[in-house]
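Per-entry structural report
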Amino acid sequence: MRFETSRALDAVERRLSIDPLAVGGVIDLVEAARSVDLDGGRPAALLRLGMFVDAVSRQLGDGNVALYAVAERGAMSDTDFTSNERMVLRRWSDDGLIEMLPPGGRTAARVREVAALTGLPVITRTPLPGHPGPVYLTTGAAGGMELALAPSTGSSPRPHPVLGRFWRCPAADCPTFGRQPAAGAGQPPPALPSGAPLCPRHGERLIDAGPRPPATMMAVRIKGTVRARFPLTAARPVVVGRAPDEPGGITIGNWLDDESTRRVSRSHVRLELRDGMVLVTDVSTNGAAVLARTGSSVPPREVDLHRGEPKAMGEWDEVELYPDVTVGRADRPPAAVAKGGAPNSVMADAPTIALRLPKQ
Ligand SMILES: [Zn+2]
């Protein structure tokens, strides 16, 4: 049992990240771990985070998407967690897999700040009226937990200028702002309690480490399941198609059935990021359309693309190469969420009884 629990926690660990490009939402780690009503078990269980990972996976049809979890240092000495869980938390914090705030740090406020700055959805159990971006609320309980987007209140604000720079923390070996991220990876947003960018972990004033090119993570979904993720930057457009010749093109031919193989061109659409906006151009011989939505709860409206003419995509829009073959923002659920289990579930091996076990 212990072995299975630690294996399930390892699976959860692989789906934690503070890279905004890698995640599908921002969550208060302790709030999730204390969701006793989901299983009626121990007051706090780290494994419950896995239910949220799986729920976001189902929403996005994405078996690789991670969660941006925020906690406060007190969690590492909270005796409602087992000693093993406290050790795991410390490791996640030291390795920069989660964001750890100083003692007394206000986790809920930081979760909202990260979401507001990045445009990522907040995942919470308590409604957040007035929050400027998307909010997932939990529905159901007792093993059947799902997420539902609260009706959105319009589009996310434009990216804050602070996100246009890389930042470095003066504290030694800072796991949050230590080293510049690799190409194609993002950096967590600084804390801005009074306008000046601070390290959320150390409270130190961050050092400007140069310009950061904007990037948006996109996803190709086939029949609702993500088959490719790719970062879109202003530096280079990306072509998606059956087998594009363009360098850096996204090849999806392997995932297509006979009919869609005939209808998806080798190079089908070109995506580019300009002034923070995703532009899509039909470069195919088969045609493409944008499924336009003004919010999560609005049914999509089909807008045909004119070949060779770029069109701006809204945050909820998807471009359709062929029915059930779409490209859209990786952190926004598609209009048609696929039914069925979470792809690549982290809880598949988790003994549900582990949540109910008395403390060891
Ligand atoms: Zn720091």
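Structure report, in brief. (Residues numbered from 1 in each chain as written. Predicted model: local features only at pLDDT ≥ 70, side-chain atom pairs only at ≥ 80, totals over all residues. Heavy atoms only, no water.)

**Notes on the sheet that holds strand S3 (residues 99–101)**
Hydrogen bonds between backbone atoms are what pair the strands of a sheet, whose relative direction is either parallel or antiparallel. How we decide: One bridge is not enough; two strands pair if DSSP finds at least two bridges between them. Each helix is a run of DSSP H or I of at least 4 residues and each strand a run of E of at least 2, with the numbering of both proceeding from the N terminus. Only the contacting stretch of a helix is used when fitting its axis, a line to C-alpha atoms as for every element, and angles between N-to-C directions run 0 to 180 degrees.
Read across the sheet, 6 strands follow the order S3-S2-S1-S4-S5-S6 without closing on themselves; strand pairing throughout is mixed. Among the strands making up the open sheet, the edge pair consists of S3 and strand S6 (146–149). The average angle at which neighbouring strand axes cross in this sheet is 30 degrees, direction not considered. In terms of strand pairing, strand S4 (residues 122–124) meets strand S5 (residues 135–139) through 3 bridges, oriented parallel. Each residue of the ladder has a partner; that of Ile 123, found in S5, is Tyr 136.

**Digging into the sheet that holds strand S10 (residues 225–233)**
Ordered by their spatial adjacency, 6 strands build an open sheet running S10-S9-S19-S18-S15-S16, and the pairing between neighbours is antiparallel. Edge positions in the sheet fall to S10 and strand S16 (301–304), since each has one partner strand and no second. Between one strand axis and the next, the sheet turns by 25 degrees as a mean value, whatever way the strands run. One ladder, built from 4 bridges, connects strand S18 (residues 318–322) with strand S19 (residues 325–329); its direction is antiparallel. Each residue of the ladder has a partner; that of Glu 318, found in S19, is Gly 328.

**With respect to the pattern of salt bridges**
Put simply, the rule is: For this document, the term salt bridge refers to a Lys or Arg side-chain nitrogen within 4 Å of an Asp or Glu carboxyl oxygen. The buried label goes to any residue with under 20% of its type's maximum accessible area, the exposed label to any with over 50%, and the partly exposed label to all in between, with areas taken from a 1.4 Å probe on protein chains only.
The full count for this structure, using the stated rule, is 19 salt bridges. A salt bridge links Arg 274 to Glu 272; the shortest N-O distance between them is 3.4 Å. Taking relative accessible area as the criterion, Glu 272 reaches 15% and is therefore assigned buried. Note that Asp 331 and Arg 329 form a salt bridge whose closest N and O atoms lie 3.0 Å from each other. Residue classification places Asp 331 among the buried positions, given a relative accessible area of 10%. Look at the salt bridges and you will find they share partners, linking Glu 315, Arg 329, Asp 331 and Arg 332 into a network.

**Examining the side chain of Ser 265**
Formally: Polar contacts here mean pairs of N or O atoms no more than 3.5 Å apart (in protein, one a potential hydrogen donor and the other a potential acceptor; neighbouring residues in sequence count only if both atoms are side-chain atoms). Contacts were defined at the residue level, with two residues in contact if any of their heavy atoms lie within 4.5 Å.
Counting through the fold element by element, Ser 265 comes out in the loop between helix H6 (258–263) and strand S13 (269–274). Relative accessible area serves as the criterion here: at 7%, Ser 265 is assigned to the buried category. Within polar-contact distance, the side chain of Ser 265 engages the side chain of Asn 286 at 2.8 Å. Ser 265 has contacts with Gly 241, Arg 242, Ser 284, Thr 285 and Asn 286, leaving out every residue within four places of it along the chain.

**A word on the coordination of the zinc ion**
Four donors placed tetrahedrally about a metal ideally form angles of 109.5 degrees, and six donors placed octahedrally ideally form angles of 90 or 180 degrees. Condition: Metal donors: N, O and S atoms at distances within 2.8 Å, or within 3.2 Å for Na, K and Ca, with water omitted from the atom set so that some sites may seem incomplete.
Only Cys 169 (SG), Cys 174 (SG), Cys 199 (SG) and His 202 (ND1) from the protein coordinate the zinc ion, and they sit 2.1 to 2.4 Å from it. In the primary sequence, the donor residues of the zinc ion line up as C-x4-C-x24-C-x2-H.

Take it as geometry only, folks, not as evidence of what the structure does.
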